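So the chains spell out like this:
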Amino acid sequence: MAEETQSLADAKIMVDAAAAPKVEPKRDVQGRSYATGKRKDAVARVWVKPGKGRILVNNREFENYFVRPVLRMIINQPFTVTNRAGEFDVVCTVSGGGLSGQAGAVRHGISKALTYYEPELRPVLKAGGFLTRDSRVVERKKYGRKKARRSFQFSKR
């Protein structure tokens, strides 16, 4: 039993050697990383590349597409958490859903694309919950009811 005892330095070297292999960034020939983000019924196709911080959504500036400040804040969250604000240009196309779902889909896509571009950002984005797909969707309408759960007003007569 005494022969198997090791010093802390030897154990640390063994743990470092057994650590996960270095993950290579996934970039295309133009130096961009691509990811798909989803939220509710919205799907966003996102390309991230180094730049001045310009964000295009469906060929429009994102300030013009997402007018509400809350939606713009949601889209910028991955950059603020990783301290990369103004370092990447984002081009994305979004379809389906409403503006809130589309903003969530763009945020999800940006987060995934950032992890593909810089794999060392993954722990920060994972801890913030940006890489998890929010699986909540609208409940379907049931027959005999006004909405999914709302029924018609009851009357005794």
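Structure's up top.
Scope of this entry: the structure provided in the associated data block. For every chain, the first residue of the written sequence is number 1, and numbering continues from 1 along that sequence. Thresholds applied to this predicted model are a pLDDT of at least 70 for local features of residues and 80 or more for the giving and counting of side-chain atom pairs; totals over whole chains, interfaces and linings are not thresholded and use all residues. Where side-chain values are given, they derive from all heavy atoms of the structure, hydrogens and water being excluded.

1. Considering unusual backbone geometry
Then, in step 1: Phi angles above zero are rare outside glycine, and Lys 40 is one such case at about 50°.
Then, in step 2: By relative accessible area, which is 37% here, Lys 40 ends up partly exposed.
Then, in step 3: With phi around 55°, Asn 83 is a residue other than glycine that occupies positive phi space.
Then, in step 4: Within the element layout of this structure, Asn 83 appears in the loop between helix H3 (69-81) and strand E5 (88-95).
Then, in step 5: Each residue is assigned to one of three classes by its accessible area relative to the maximum for its type, calculated with a 1.4 Å probe on protein chains only: buried under 20%, partly exposed between the two thresholds, exposed over 50%. On the basis of relative accessible area, Asn 83 is assigned to the exposed category, the value being 61%. Helix and strand definitions here come from DSSP, where helices need a minimum of 4 consecutive H or I residues and strands a minimum of 2 consecutive E residues; each element is numbered from the N-terminal end.

2. Remarks on the nonpolar core
Then, in step 1: Each nonpolar core is a collection of buried residues, namely Ala, Val, Leu, Ile, Met, Phe, Trp, Tyr and Cys, held together in the definition by side-chain atoms within 4.5 Å. Counting residues in hydrophobic clusters, the biggest one holds 29 residues, and the most contacted among them are Val 57, Phe 66, Ile 75, Val 106, Ile 110 and Leu 114.
Then, in step 2: Looking at this core, the elements that each hand over two or more residues are strand E2 (42-50), strand E3 (55-57), helix H2 (62-65), H3, E5 and helix H4 (99-117).
Then, in step 3: Top contributing element to this core by residue count: H4, with seven residues.
Then, in step 4: Setting aside chain neighbours within four positions, we find Phe 66 in contact with Val 57, Leu 71, Arg 72, Ile 75, Leu 99, Gln 102, Ala 103 and Val 106. Contacts: residue pairs with any heavy atoms within 4.5 Å of one another.

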